[in-house]
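# Summary of structural features
What follows is each chain in one-letter form.
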Amino acid sequence: MTEKCNVLILGAGAAGMMCAIRAGQRGRSVIIVDHAKAPGEKIRISGGGRCNFTNIHASPKNYLSSNPHFAKSALARYTPRDFVALVEKHRIPWHEKTLGQLFCDDSAKDIIRMLLAEMQAVGVKMRLQTEIASVEAIATGGFRVATSSSIIEADSLVLATGGKSIPKMGATGFAYRIAEQFGLGIIETRPGLVPLTLEPTQLEKLSALSGIAVPAEISHGKTSFNEALLFTHRGLSGPSVLQISSYWREGDEVRLKMEPDLDIIGHLKAAKKTNGRQSAQTALGAILPKRLAQHVVERAGVTGNLADMSDKGLAALTAAVQEWSIKPSGSEGYRTAEVTLGGVDTTCLDSKSMQAKTVPGLYFIGECVDVTGWLGGYNFQWAWASGHAAGESV
Ligand SMILES: Cc1cc2nc3c(=O)[nH]c(=O)nc-3n(C[C@H](O)[C@H](O)[C@H](O)COP(=O)(O)OP(=O)(O)OC[C@H]3O[C@@H](n4cnc5c(N)ncnc54)[C@H](O)[C@@H]3O)c2cc1C
């Protein structure tokens, strides 16, 4: 059986569904295909089940790409406010958590239901649990896609199959293969927004800290993030570490400043004055988690009461909190990475429409493109914006 439609979208994730909605609103006949049992599985698990669906501060500077200008056009034409308007139209309660991050009050499933309702309203046909066997261009124009249930011919073909992160959820890297098949370039892919691991000797030294979370400024080169850091039994995690992981490269060091907003030396000097007979560990324990205070004292190699300590000793303690240099041995990889960095080379795509410059009718949107956002709702905003841009053009 051969079906025909104007637009065939491969991947019913965030980007694919947004593209389907916009194309449908423009009167195009749309089929969206996914090999998963349900659409939007990553939306469902995102933001701890509440979906951090956008960030009100989203701008091109929050994205990594070999071409930092590429995302500008799509992001400017479909903004966080546009998505919030859609959320409000569906009366989905939401709140700003922190740093401009918008979450559902109740459940990420509200966002999926919203997208499904919008697709239904414009007659989008959805095929789930459908494998894609082959993709080919038709000599006279358009594309022919063989799936496990039918052959579909379409004027436009949109690749929205995401990146390689979380293979357990069905991530395949399929879009990269299709890009290569049509002669488009790929920027090397690697896991992003991922916990960093430490080698066994380092881990052993830090084992007492496992489970502790502290505010931390973490830096790599000129890039730094000031959010929570979590010590784990594998290494380092928490928002600040996930953020820096997208910039970190194997073999590099990262710099850690724990409790960056605390005046540690000022606190120690004041404690020395008011109660010099207390230990450094007790004084630090008043402002740091107790296990961290103990580790810091051992790390600084100081002993005795505050009264017996020179300014140099107090400075060593301060450095043991705020001047760490640490060389991660690796990352937890695609198994736990929230996103995939790199992807379809943006120089091969038109930034207004996401259409391949050399293959009319072929589009790439969402995470499979070499545009990756920071943690905090930026990746969904890219999925909505790039999906919308393609939906305007197909
Ligand atoms: C645990 C987790 C939490 C996250 N939380 C957030 C958050 O709160 N906020 C945020 O902004 N971002 C978050 N992200 C990132 C965000 O989920 C992605 O950036 C976003 O989903 C990308 O959208 P997409 O449509 O490009 O790809 P996806 O959402 O990954 O959708 C791709 C679709 O294609 C399908 N597919 C893949 N391969 C094939 C194939 N060969 N054949 C058929 N179908 C295929 C998949 O089943 C999937 O439905 C999170 C990611 C993870 C893993």
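One structure accompanies this document, and this report is about it.

This part covers the sheet that holds strand E15 (residues 235–237). Across the sheet, 7 strands lie side by side as E17-E16-E13-E14-E15-E12-E18; this open sheet has antiparallel pairing. Whereas interior strands pair on both sides, the edge strands pair on one side only; in this sheet they are strand E17 (324–326) and strand E18 (330–331). Pairing of strand E14 (residues 223–231) with E15 involves 2 bridges; the strand directions are antiparallel. Its bridge partner being in E15, leucine 230 is matched across the sheet by serine 237. Docked against the sheet, helix H12 (residues 311–322) engages strand E16 (254–258) and E17, running at close to 115° with respect to E16.

Right, let's get into the site of the ligand. In the neighbourhood of the ligand, 29 residues make up the surrounding shell, with Ala15, Asp34, Thr172, Glu367 and Phe380 lying closest. Contacts to the ligand include alanine 14, whose backbone N or O atom sits 3.1 Å from an oxygen atom. Take glycine 47: an N or O atom from its main chain is 3.2 Å from an oxygen atom of the ligand. Surface burial for the ligand is 92%, taken as the share of its 1,000 Å² of free accessible area covered by protein chains. Looking at the shell around the ligand, the elements with two or more residues in it are helix H1 (14–25), helix H2 (41–45) and helix H13 (378–391). Looking at which element gives the most residues to the shell around the ligand, the answer is H13, with 4 residues. In terms of residue class, the shell around the ligand is built from 12 nonpolar, 13 polar and 4 charged.

Moving on: the packing of H1 against helix H5 (residues 109–121). Relative to each other, H1 and H5 sit at 30°, their axes nearing to 8 Å. Classed by the angle they form, the pair H1 and H5 counts as roughly parallel. In this structure, H1 crosses over H5, and the sense of that crossing is left-handed. Of the residues in H5, those in contact with Met17, Ala20, Ile21 and Gln25 of H1 are Leu115, Leu116, Glu118 and Met119. Of the residues in the contact of H1 with H5, the class split is 6 nonpolar, 1 polar and 1 charged.

Below, the discussion takes up the packing of helix H11 (residues 290–300) against H12. Between H11 and H12, the least distance of the axes is 9 Å, while the angle of their chain directions is 120°. Relative to H12, the element H11 lies oblique. The two elements H11 and H12 cross, and the hand of that crossing is right-handed. On H12, the residues touching Val296, Val297, Arg299 and Ala300 of H11 are Ala316, Leu317, Ala320 and Val321. Residue composition of the contact of H11 with H12, by class: 7 nonpolar, no polar and 1 charged.

The next thing to look at is H11. Of all the residues in H11, the buried ones are Leu292, Ala293, His295, Val296 and Val297. The elements touched by buried residues of H11 are helix H7 (200–206), strand E13 (213–220), E16, helix H10 (280–285), H12 and E17. Once H11 finishes, glycine 301 follows within two positions and takes phi at roughly 70°, a positive value.

Backbone hydrogen bonds are what pair the strands of a sheet, in a parallel or an antiparallel way. Spatially, the 3 strands line up as an open sheet ordered E3-E6-E5, and their pairing is antiparallel. The open sheet has two free edges, formed respectively by strand E3 (52–55) and strand E5 (94–96), since each of these has just one partner strand. The sheet shows a mean angle of 25° between the axes of neighbouring strands, direction not considered. Of the strand pairs in this sheet, E3 and strand E6 (residues 101–104) are connected by 3 bridges, and their pairing is antiparallel. Bridging across to E6, threonine 54 finds its partner in leucine 102.

All right, on to the pattern of salt bridges then. All chains considered together, the criterion is met by 10 salt bridges. Residue arginine 335 is joined to glutamate 332 by a salt bridge in which the shortest nitrogen-to-oxygen separation is 3.7 Å. Using a relative accessible area of 16% as the deciding quantity, one classes glutamate 332 as buried. Bridged by salt links that share partners, the residues Lys4, Glu136, Arg144 and Glu153 form one connected network.

Calculation notes
Residues numbered from 1 in each chain as written. Predicted model: local features only at pLDDT ≥ 70, side-chain atom pairs only at ≥ 80, totals over all residues. Heavy atoms only, no water. Pairing = 2+ DSSP bridges. Helix = DSSP H or I, 4+ residues; strand = E, 2+ residues; numbered from the N terminus. Contact = heavy atoms within 4.5 Å. Axes fitted to C-alpha atoms, helices over the stretch in contact; angles between N-to-C directions. Near = heavy atom within 4 Å. Polar contact = N/O pair within 3.5 Å; in protein donor to acceptor, adjacent residues only side chain to side chain. Areas by Shrake-Rupley, 256 points an atom, 1.4 Å probe, with all protein chains shown as cover. Nonpolar A, V, L, I, M, F, W, Y, C, P; charged D, E, K, R; others polar. Parallel < 35°, antiparallel > 145°, perpendicular 65-115°, else oblique. Left-handed = near helix turned anticlockwise from the far one by under 90°. Buried < 20%, exposed > 50% of the residue type's maximum accessible area, 1.4 Å probe, protein only. Salt bridge = Lys/Arg side-chain N within 4 Å of Asp/Glu carboxyl O.

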